Amino acid sequence: MIYLVRHGLDYEKYIGGYSNVALTKEGILQVERLAKFLKNNNYKFEKIVSSDILRARQTSEIIARELGLEIEFNPLLRELNKGKLNGMLKEKANTEFPLFMKGITIETKYPDGESMIEFYERIKDSLERILKLDNKLLVTHRGVINMLYYLLNDISVDMNKERFGVEHATLHELNPKTKIIKKVGI
């Protein structure tokens with residue numbers, strides 16, 4: 001079984017993507033609760049495979065400390081690349097890129113970044129490598145987990161980030177044999 005975790009809450013006044021925005025105090029507490037849940041419910045993993053973006057790295061380090069696991073950082077699990085907007089204050093992005101910010105669709109490519117469709121294709125192209133990460137805990141981002149839900153349930157990609165309930169520090173189970181993904185635990 002593969003388990004996926006979305007990182008804890010970060011400073012949401014910034015645009016995410018490849019940004020290195022840190023976890024908030026609340027985000028750290030969310031991850032500590034999740035780590036204790038994993039330990040108390042005897043979840044067993046060979047190791048953690050984590051996105052190399054700061055908020056995911058911090059999340060994986062907290063869990064690794066609690067569970068005594070090794071971490072492998074892997075760019076395969078990175079969020080949507082929002083190019084020039086990565087890490088930018090949302091207020092500044094609305095001022096500097098007003099037409100872009102109001103007209104984002106799944107085909108809209110971020111300046112020097114990727115579109116939602118390109119992101120979907122990136123995860124689709126990586127799906128077999130992800131499915132080989134059996135017995136691992138993957139620490140990643142909402143976008144990556146959402147793309148797995150779209151792919152494995154044969155649902156067309158849209159702009160609804162909330163569709164699959166991928167909140168901060170939530171746990172999702174992916175059976176690599178049946179290719180069924182579902183939210184579990186907290």
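These notes cover the structure that comes with them. (Residues numbered from 1 in each chain as written. Predicted model: local features only at pLDDT ≥ 70, side-chain atom pairs only at ≥ 80, totals over all residues. Heavy atoms only, no water.)

### Topic: the sheet that holds strand E2 (residues 47-50)
Then comes step 1: Taken in spatial order, the 6 strands make up an open sheet running E3-E2-E4-E1-E5-E6, and their pairing is mixed. Here the strands that pair on one side only, and so sit at the sheet edges, are strand E3 (71-73) and strand E6 (180-184). This sheet shows a mean twist of 25° between the axes of neighbouring strands, independent of strand direction.
Then comes step 2: For strand E5 (residues 171-175) and E6, the ladder comprises 5 bridges, and the chain directions are antiparallel. Each residue of the ladder has a partner; that of Asn175, found in E6, is Ile180. (Pairing = 2+ DSSP bridges. Helix = DSSP H or I, 4+ residues; strand = E, 2+ residues; numbered from the N terminus. Axes fitted to C-alpha atoms, helices over the stretch in contact; angles between N-to-C directions.)

### Side note on helix H6 (residues 142-152)
Then comes step 1: Counting buried residues along H6, 11 of its 11 residues qualify, which places the element largely inside the surrounding structure.
Then comes step 2: Turning to H6, its buried residues are Arg142, Gly143, Val144, Ile145, Asn146, Met147, Leu148, Tyr149, Tyr150, Leu151 and Leu152.
Then comes step 3: Against the buried residues of H6 lie strand E1 (2-6), helix H5 (116-131), strand E4 (136-140), E5 and E6.
Then comes step 4: Just downstream of H6 lies Asp154, where phi reads positive at about 50°. (Buried < 20%, exposed > 50% of the residue type's maximum accessible area, 1.4 Å probe, protein only. Contact = heavy atoms within 4.5 Å.)

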